[in-house]
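Summary of structural features
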Amino acid sequence: MPMRREVRILAPAKINLILRVLDRRPDGYHNLWSLMQTVGLEDELCFRLCPERAEIRLECNDPSLPTDGRNLVMRAAGLVMSRAALAVGLDIRIVKRIPISAGLGGGSSDAAATIAGLNRLLGLKWSIAEMAKLAQTLGSDVPFFFFAPTAQVRGRGEDVVPLRLTGDRWLVLVNPGFPIETRWAYDCLAAMRNRIPPLSEAIGRLSRKECISWDEVIPLLENDFESALASTHQVLGQMKAELIASGAEAALLSGSGATVFGIFRSEAAALSAQNVLRQAYGWWTCAAKANGQSWVSRESASFDPLRVG
Ligand code: C5P
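Residues numbered from 1 in each chain as written. Predicted model: local features only at pLDDT ≥ 70, side-chain atom pairs only at ≥ 80, totals over all residues. Heavy atoms only, no water.

Describing the site of the ligand
In the vicinity of the ligand, the contacting residues are G28, Y29, H30, L32, G139, S140, R156, T182, R183 and Y186. One of the side-chain N or O atoms of H30 is found 2.7 Å from an oxygen atom in the ligand. Taking R156, its main chain carries an N or O atom lying 3.2 Å from a nitrogen atom of the ligand. Burial of the ligand by the surrounding chains reaches 78%, relative to a free accessible area of 450 Å². Secondary-structure elements contributing two or more residues to the shell around the ligand are strand 2 (30-49) and helix 4 (182-192). With 3 residues, the top contributor of residues to the shell around the ligand is helix 4. Considering only residue class, the shell around the ligand consists of 3 nonpolar, 5 polar and 2 charged. (Near = heavy atom within 4 Å. Polar contact = N/O pair within 3.5 Å; in protein donor to acceptor, adjacent residues only side chain to side chain. Areas by Shrake-Rupley, 256 points an atom, 1.4 Å probe, with all protein chains shown as cover. Helix = DSSP H or I, 4+ residues; strand = E, 2+ residues; numbered from the N terminus. Nonpolar A, V, L, I, M, F, W, Y, C, P; charged D, E, K, R; others polar.)

Below, the structure written as structure tokens:
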């Protein structure tokens, strides 16, 4: 079968419905217990074969992202090439919609999409398990995207068990417009706590299930970074309170922030909350179905990830 010349792929954002940070491991990382879910807010990636040269070129609509070896997409592409023992020319284009360093896994999702996209473009026929293993070396959140839309994530992030989440919910993502560096957030968490609370029995029960409902998950929402960041970033608590005041069933920080998400029963309720929060505070907002379509507030004063360079 001839190789395809071009592959396009959508890379979704993720949220952490549960994020427990456990003990520090000998490799410096922490063991985690997380319930992760993809969201209908997506970056777009396009991979094109350029047989006339042997180099990989990256273009991105967001000028704040480096397009050299510091970009996780370039590292993922380099890793695929060396693993496949290939040296073919590639043009990669990214349309960035997911806010950067926002706790939404945008860079990790782009890296996973690069492995999956090149697997298809180059006809490599790698299995999901092979791709997820390769993904581990790029970052803790990357393997999850091979088991989306919903999965339990354990260990450093490499132990991923998919599960089915039943029922429909809409999310409103709210970002205050500043990034939070993950490593710094882990340091804050380590500095503030003198003991690690054990995993709850409810999480223990959840980890044995193959299928759960939104109604079961909502009472279990928690994120260890919330209390770690509460005093340095008081706006996060305000964003959460405003989401609840706008009708969210529950609201929580995603990853190590600074995005907070609210959970809504209907599209209409989510869209209305999105408009209220954007107009009142100028925060970047996005109403999105859990694993579906999204409505990003392009007019947002403080954050515009949709600018085209
Ligand atoms: O793996 P990733 O590049 O996303 O991690 C960024 C930083 O977050 C790491 O350098 C580490 O400080 C921290 N981290 C951790 N334990 C994890 C994941 C991340 O301590 N499981």
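A short note on the side chain of N223
Assignment of secondary structure puts N223 in strand 10 (residues 222-223). From its side chain, N223 meets the backbone nitrogen of F225 in a polar contact 2.8 Å long. N223 has contacts with L19, L252, L253, S254 and G255, leaving out every residue within four places of it along the chain. (Contact = heavy atoms within 4.5 Å.)

Observations regarding the pattern of salt bridges
Two side chains carrying opposite charge are able to pair once their charged atoms lie near each other. One pass over the structure, following the stated rule, counts 21 salt bridges. E55 serves as the salt-bridge partner of R57, at 3.3 Å between the closest nitrogen and oxygen. Several salt bridges share partner residues, and in doing so they unite R169, D215, E249 and R265 into one network. (Salt bridge = Lys/Arg side-chain N within 4 Å of Asp/Glu carboxyl O.)

Some words on the sheet that holds strand 11 (residues 250-253)
Strands sit in the order 11-12-8-13-14 across an open sheet of 5 strands; the sheet is antiparallel. Two strands lie at the open edges of the sheet, namely strand 11 and strand 14 (294-296), each paired on one side alone. For this sheet, the mean inter-axis angle between neighbouring strands, taken without regard to orientation, is 20 degrees. Judged from the 6 bridges that link them, strand 8 (residues 170-175) and strand 13 (residues 284-289) form a sheet pairing that is antiparallel. The residue of strand 13 that forms the bridge with N175 is W284. (Pairing = 2+ DSSP bridges. Axes fitted to C-alpha atoms, helices over the stretch in contact; angles between N-to-C directions.)

Some thoughts on the packing of aromatic side chains
The tally for this structure, following the rule as stated, stands at 3 aromatic pairs. The interplanar angle of 85 degrees and the centroid separation of 5.0 Å between the aromatic rings of Y186 and F225 together place this pair among those described as edge-to-face. On the criterion of sequence distance, the pair formed by Y186 in helix 4 and F225 in helix 7 (residues 225-229) is long-range, its members being 39 residues apart. The same class applies to Y186 as to F225, namely buried. Here Y281 and W283 contribute two aromatic rings whose centre-to-centre distance is 4.3 Å and whose plane-to-plane angle is 15 degrees, an arrangement assigned as stacked. What makes Y281 partly exposed here is its relative accessible area of 34%. For W283, a relative accessible area of 6% gives the class buried. Taking the ring centre of W126 as reference, the NZ or CZ of R83 above it sits at 5.1 Å. When the ring centre of Y29 is taken as reference, the NZ or CZ atom of R156 above it lies at 3.9 Å. (Phe/Tyr/Trp six-rings, centres within 6.5 Å; stacked < 30°, edge-to-face > 60°. Buried < 20%, exposed > 50% of the residue type's maximum accessible area, 1.4 Å probe, protein only. Lys NZ or Arg CZ within 6 Å of the ring centre and 35° of its normal.)

Bear in mind that shape data such as this cannot, by itself, settle questions of function.
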